[in-house]
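Notes for the structure review
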Amino acid sequence: MNLIFLGPPGAGKGTQAKVVCKHFNLEHISTGDLLRSVVKSNSLIGEKTREFMNKGLLVPDEIVVEIVAQEIKKNSKGFILDGFPRNLAQSEFLESALSSADIFLNKVFNFITSPEKVVDRLSGRRVCPKCRAIYHIKNMPPLEEGICDKCAGILAQRDDDKEEAIKERLRVYKQLSEPLISYYQEKGILCDVDGDLNVEPLFGIIKEILEI
Ligand code: AMP
């Protein structure tokens, strides 16, 4: 099974992808996470990537598609693409990469989310830099404030979860998402889901759709 999760930043795609991947034994391919690893690598390309990410802008396609191509090649059990594609050029690249590897997309879940919910989720989000677990200061707090339950890492706020970058990320998403949504709608594999729902009820809905 190969899926895409589309939706604005803060729609809960990453958290939901972790749950769905665990249940269906899929690989979670998050371009945001992969790019954050590139940034940490202290290379020239990492430095360039950081500049785009911290401003809330998209990283240039040539950097992102290379990373995704490698992940798809490595994958043997099916995947959820989370945060990719983000524009039409990326979806066209994906289509040709998948068809040359004889891989089919089963569904594209489009997370529909209200702007207030998105801002609340992003500004309260805390992440573990070591194991990438995701928390929320109100909705999903760790047992001990600021400490990851899973690996005792020190939780942090992402630089791009700060107010100015949030605004820019939402603006970029709005501008680029419509053609992408139409693209998958025309292919007949788009499925809208309510991204305002909490993790468990939304998982129930996604699971039911995938098990049909
Ligand atoms: P995310 O973790 O999905 O919210 O992504 C965080 C940031 O990584 C985005 O704001 C972009 O700067 C960058 N990014 C993630 N995925 C992509 C992509 N498919 N294309 C370009 N930039 C991306």
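Conventions we followed
- Residues numbered from 1 in each chain as written.
- Predicted model: local features only at pLDDT ≥ 70, side-chain atom pairs only at ≥ 80, totals over all residues.
- Heavy atoms only, no water.
- Helix = DSSP H or I, 4+ residues; strand = E, 2+ residues; numbered from the N terminus.
- Expected span 1.5 Å × (residues − 1).
- Buried < 20%, exposed > 50% of the residue type's maximum accessible area, 1.4 Å probe, protein only.
- Arc of directions from axis to C-beta.
- Contact = heavy atoms within 4.5 Å.
- pLDDT = per-residue confidence, 0-100.
- Axes fitted to C-alpha atoms, helices over the stretch in contact; angles between N-to-C directions.
- Parallel < 35°, antiparallel > 145°, perpendicular 65-115°, else oblique.
- Nonpolar A, V, L, I, M, F, W, Y, C, P; charged D, E, K, R; others polar.

When the terminal C-alpha atoms of helix α5 (residues 88-100) are compared, their 19 Å separation across 13 residues agrees well with the 18 Å that a helix rising 1.5 Å per residue should span. Along α5, the positions that sit buried rather than exposed are Q90, S91, L94, A97 and L98. The arc enclosing the buried residues of α5, seen along the axis, measures out at 125°, which places them on a common side. In α5, those exposed residues whose orientation departs by more than 90 degrees from the buried face are S99 and S100. Buried residues in α5 make contact with β1 (2-6), α4 (61-74), β3 (79-82) and α7 (163-186). D102 occupies a position one or two residues after α5 and carries a positive phi of about 60°.

Note: predicted coordinates in regions of low pLDDT should not be interpreted at a detailed level. Scored by pLDDT, the chain comes out at a mean of 94, with 100% of its residues at no less than 70. By mean pLDDT, the top-scoring element of the chain is β1 (98), and the lowest-scoring one is helix α6 (residues 115-124) (90).

Structurally, I189 is set in the loop between α7 and β7 (190-194). Overall, I189 belongs to the buried group, its relative accessible area being 14%. Through-space distance from the C-alpha of I189 to that of L105 is 8.1 Å; in sequence the pair is 84 residues apart. Once you skip the residues sitting within four places of it in the chain, I189 turns out to touch L105, N106, K107, V108 and Y184.

Take the packing of helix α2 (residues 31-40) against α4 next. With their axes 11 Å apart at the nearest point, α2 and α4 run at an angle of 110° to one another. By the angle between their axes, α2 is roughly perpendicular relative to α4. Contacts between α2 and α4 involve T31, L34, L35 and V38 from the former and I63, V64, I67, V68 and E71 from the latter. Of the residues in the contact of α2 with α4, the class split is seven nonpolar, one polar and one charged.

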